[in-house]
Every structure is written in structure tokens, then in C-alpha cells.
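Structure assessment
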Amino acid sequence: MKYFAALLLLTPALAAQTYICGGGGSHSHSIQVLTQGTLYSSKSSPQAAGFDLGTAPENVDAAGCSSSKTFFFSAPLAEGNYTVTVVLGGSASSVTTVRAEARRLMLARIATSAGHAQSESFTVNVRRPEISAGSVVKRKPREMGSLNWDDKLTLEFSGQQPSVRSIEIRPAAAKVPTVYLAGDSTVVDQDNEPWAAWGQMLPAFFGPGVAIANHAESGETIGSFVGEKRFDKIFSTIKSGDYLFMQFAHNDQKKGAGYVSPEMYTELLRKYIAMARERGALPVLVTSMNRRTFDDAGNVTDSLAPYPETMRAVAVSEHVVLIDLNAMSKTLYEAVGEKDSRSLFVYAAANTYPGQTVALHDDTHFNNYGAYELARCIVLGMQQNRIPLTKFLREPQVRFDPTHPDAPANVALPGTPFVDTETPYER
């Protein structure tokens, strides 16, 4: 098999590239046929697209690429937004979940019957750490090697006999709005199971035409976001029609070298609200969700004061859209109940995961279920505020009710091979 280099993917200004599973016949230079031996290569010149991270589908033929296990596909890409169209389905029935980059949920549980196919599209943001000549984002050791910061787009196919027939990657239109997320470990694209955050679940609620650029990182405060040049990175690409969502508090409140006083917190929020507006972007403030702390009466207690109220005051004084996730999370946790609310967080008996010899009890960080429910709260906040983004929702007519959360089984997601039972970086 002759492998065609993905030359057309080197800049977002060029045409689409299509990858198809199996099949014979002749194809144009913009189409690459995938076999089990088509592997991603970062060492060839130019880089070659293919199956990645030591995986390949077990079955590859004209009916599709399918497997009983998770498999990954990567294509070299420049920084930018891309619209991806996947045709899912194969010779056997399947339920396929598609993630991008560092476990960003793009498509959840797409079912296809044997011999049938379904086409789905989404827009994904690809980024690099470089800001300008000699300036880069100051990344933590945990970010080195992250799929969010490399020079390729990686897609993950998982679920029950995950199957894909073709993948088309097309540069998104310049007018596509980008939603930039600035926050901490409760927002970030968590790279590893069993951790998850609402920012990495948010893309699944949107169809093609809007990109979610999650710049949040574990351990961040609004102050460290400045010092590590993460805001610089965002403002190097943000444009008119984009959005800047900011959620900070969990680490800002911690006494020590990283402490951000309520006064400084207010000042920095106002600064970046003004900068977003100067560039024609819409700033959105998100109050931090509660930790899992209850009193004896079963009510959630406030462990984040005074930061949520400080943000609310800034939203009023600056006339900024506010999504009160702090209030909605209280409603959500209390609806689930003190004991059962553990199902939202990272709780796991010893030996649930490889190398995990002690039980995990974390009342701050979320599993896939908790992160998904919080993302639904964020979407509800967008709808309540009538943010224009809501026109891109896959189900704009659906409104989440935090007093009646989803049953865990109804939104269960397949796990991924990446596991790390160490608590995400905290200050």
C-alpha cells in the first residue's frame, strides 16, 4: 500500500483531507486509504497520518474500521479550528463514542446497526504552546506530552465495537466562533481516567460551527493564568465574535504563595473582561461549583466564600453574563443527596484501577458522570442568559433541570486507556 502524506493538512487555509477504511480502486491525492498498517508517524517528512498511540482497529475493510477495543487516529495539523465529519458504522452493530485531543467529548454513544452508517460532524480546536517569537505558555510537567499541546489532531474511538468508515478533516470557516475556557482542574481537559471536568464534556453539546478551546489547567488561579502566559495565549488568537469563559476560586482562596486576594481577584476579572470586549469577544463569568461538603441537615455548605459572591458582584458592576454554577451545583448535589452525591466525584475502592492500592475519596474532582452533569448546568446557564451560542446546540429545545439530574446509567461513557490515580495538580 502506498501511503499518501497529509500535505493538505499543514495549514488551516487549505482543502479537506479524507481518510477511508479499506477498499480498493483509485483515489485522488486528497484521499488516504487506511489499513491496519497505516500508522501515524512524527518522524517521517512530512508527518504521516494514521492510527496512533500503539493502537489499531482489529478489523479494517470496506465496511469500516472496527474493534473490540479503543483505538486512536492522528493527523498532522497546524493550530486552528477544524470541522471533522466521521461516518460511523461497520459490518456489526456498534455504539461509538468519539473524543478528540485530551479526552474532549465530541460525540457520545452513537448507535449504528449492522451494515448501516451514520454521518456526524463537529468542530475541534487544535493549539500549540507557542505564542509569538520567543514566547510560549509555561506548562507544568504534567502537560508535557499532552495531546492538547502537540502538532496533530488525535481522535479516539471507543465504546461497544467502535466503528468508523471514513474521517474527513476540513479547515473551519474563519467566522466560526471559538469559546475560550480559562479555569482550573474542575474545568480542564483531564487527560486521564478516572478524572474529568466540565470543560471537556462541553463540546458534545454543540454541533459543527462552534469550537471549544479549553485552556484551563489543574492548579490554576486567575493570577497564575497571567504569570504562565495562558491569558497571553488566549489573547493571541481571540477575535471578534468569540467568547471568554472564566471560572476561578478553588485555588485562589488557598493561603500561601499562590493566594489571590478578593481584591486582586476582582481587579484581574475586570482587566480580562475589558480586554475581551476590546477584541469584540463576549466575556462570561462562571462561579465555581461547590465542593462536596454537607451539613448534618443534608445541605451543601459554602467552602469557597467570598469568591462566588465576589464574582457575582463583578458581573453586576461590569454588566457581564454570569453563569451561577455555584448555585446550580448546590441544587444538583442536594437533589442527589449527601451519600449518593459521591457518584459525581472520584470515589473508587482500592484496586479499581491498575496500581491503585488505596481507595480514592475526592470531594473536589469529578468523574465522567459528574463532569457531564456540570456541563449540562453550563449549557442551561447559556440558555437562561440567551447567549447566541445556543443556536449551535445539538438539542436547543432541551433544558436541564438540576433538581432532576440524569441517572448515571443514562449518560455513562466508555473509559479510555489513559489512567492515573494521582490527584490532579493542586496548589
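Bear in mind that the values here come from a model prediction, so they are computed numbers and not experimental data.

Overview of the packing of aromatic side chains
On inspection of all chains with the given rule, the structure shows 15 aromatic pairs. Measuring from centroid to centroid gives 6.2 Å for F51 and F73, while their planes differ by 75 degrees, and the two rings are edge-to-face. Here F51 is found in strand β3 (residues 50–52), whereas its partner F73 is found in strand β6 (residues 71–76), with 22 residues between them in sequence. In this pair, the class of F51 matches that of F73, namely buried. Ring geometry for F72 versus F418: centroids 5.4 Å apart, planes at 40 degrees, classification tilted. Taken together, the positions of F72 in strand β6 and F418 in the segment after α7 (368–384) put the pair 346 residues apart, joining distant regions of the chain. Exposure remark for F418: the relative accessible area of 25% places this residue in the partly exposed category. Three or more aromatic residues link up through ring pairs in this structure, and these residues are Y19, F51, F71, F73 and F157. Above the face of the W149 ring, R127 is positioned so that its terminal group lies 4.1 Å from the ring centre.

Brief notes about the sheet that holds strand β17 (residues 243–246)
Remark on secondary structure: sheet strands pair via backbone hydrogen bonds, oriented parallel or antiparallel. Within the open sheet, the five strands sit side by side as β16-β15-β17-β18-β19. Their pairing is parallel. Bordering the open sheet on either side are β16 (211–214) and β19 (321–323), each of which pairs with just one other strand. Adjacent strand axes in the sheet meet at a mean angle of 25 degrees, parallel and antiparallel pairs treated alike. When β17 meets strand β18 (residues 282–286), the two strands line up parallel, connected through four bridges. Residue pairing in the sheet places L244 in a bridge with P283 of β18.

Description of the confidence of the model for the protein
On average, residues of the protein score 94 in pLDDT, and 95% of them reach the 70 mark or higher. For the stretch residues 1–13, pLDDT sits under 50, and the model shows 35 contacts to residues farther than four places along the chain or on other chains.

Some details on the sheet that holds strand β13 (residues 152–160)
Strand order in the open sheet formed by five strands is β3-β6-β13-β8-β9, and the pairing between neighbours is antiparallel. Of all strands in the sheet, those with a lone pairing partner are β3 and β9 (104–112), marking the two edges. Shown here is a sheet whose adjacent strand axes are inclined to one another by a mean of 30 degrees, direction ignored. Strand direction decides the pairing type here: β3 and β6, joined by three bridges, are antiparallel. By the bridge assignment for β6, D52 is matched with F72.

Digging into the nonpolar core
In terms of nonpolar packing, the biggest core is built from 48 residues, with W198, F206, F245, Y333, I378, M382 and L389 touching the most fellow members. Taken together, the elements giving at least two residues each to this core come down to β15 (178–182), α1 (198–201), β17, β18, β19, α6 (325–336) and α7. A per-element tally of this core places α7 first, with 10 residues. Among residues more than four places away in sequence, those in contact with L389 are V179, F206, V210, Y243, F245 and M382.

Here's the deal with the state of the cysteines
Each disulfide is one covalent bond, formed between the sulfur atoms of two cysteines. Tallied over the full model, the rule gives one disulfide. A sulfur-sulfur separation of 1.9 Å characterises the disulfide bridge that pairs C21 with C65. Handedness here is read from the sign of the S-S torsion; for C21 and C65, about -115 degrees, the answer is left-handed. Of this pair, C21 sits in strand β1 (residues 17–21) while C65 sits in strand β5 (residues 64–66); the two residues are 44 residues apart in sequence, bridging distant segments of the chain. Considered together, C21 and C65 belong to a single accessibility category, that of buried residues.

A look at the pairing of β15
The buried fraction of β15 is high, at five of five residues. Neither face of β15 is exposed, since T178, Y180 and A182 on one face and V179 and L181 on the opposite face are all buried. Inspection of the sheet shows β15 paired to β16 by four bridges, in the parallel sense. Along β16, the bridge assignment pairs V179 with I212. As defined by bridge partners, β15 adjoins β17 across four bridges and the pair is classed as parallel. The residue bridging Y180 from the neighbouring strand is L244, located in β17.

Focus on unusual backbone geometry
For the bond running from S45 to P46, omega is 0 degrees, close enough to zero to count as cis. The topology assignment puts P46 in the loop between β2 (31–34) and β3. For the peptide bond that leads from A305 to P306, omega is 5 degrees, which places it in the cis range. Tracing the backbone shows P306 in the loop between β18 and α5 (307–318). One non-glycine residue, Q161, lies in the positive phi region at around 50 degrees. Along the chain, Q161 falls in the loop between β13 and β14 (163–171). With a phi close to 55 degrees, R386 is a non-glycine residue in the positive phi region. Topologically, R386 is positioned in the segment after α7.

Regarding the layout of surface pockets
Taken as a whole, the largest pocket encloses approximately 460 Å³ of empty space. Along the wall of the largest pocket there are 22 residues; nearest its centre are A204, F205, Y372, R394 and E395. Every element with two or more residues in the lining of the largest pocket is listed here: β9 and α7. Counting residues per element, the lining of the largest pocket draws most heavily on β9, which supplies six residues.

Parameters at a glance
Residues numbered from 1 in each chain as written. Predicted model: local features only at pLDDT ≥ 70, side-chain atom pairs only at ≥ 80, totals over all residues. Heavy atoms only, no water. Phe/Tyr/Trp six-rings, centres within 6.5 Å; stacked < 30°, edge-to-face > 60°. Helix = DSSP H or I, 4+ residues; strand = E, 2+ residues; numbered from the N terminus. Buried < 20%, exposed > 50% of the residue type's maximum accessible area, 1.4 Å probe, protein only. Lys NZ or Arg CZ within 6 Å of the ring centre and 35° of its normal. Pairing = 2+ DSSP bridges. Axes fitted to C-alpha atoms, helices over the stretch in contact; angles between N-to-C directions. pLDDT = per-residue confidence, 0-100. Contact = heavy atoms within 4.5 Å. Core = buried A, V, L, I, M, F, W, Y, C linked by side-chain atoms within 4.5 Å. Disulfide = S-S within 2.5 Å. 1 Å grid on protein atoms, 1.4 Å probe; cavity = no way out; pocket = protein on both sides within 12 Å on 5 of 7 lines; lining within 4 Å. Points joined across faces, edges and corners; volume = space filled by probe spheres on them.

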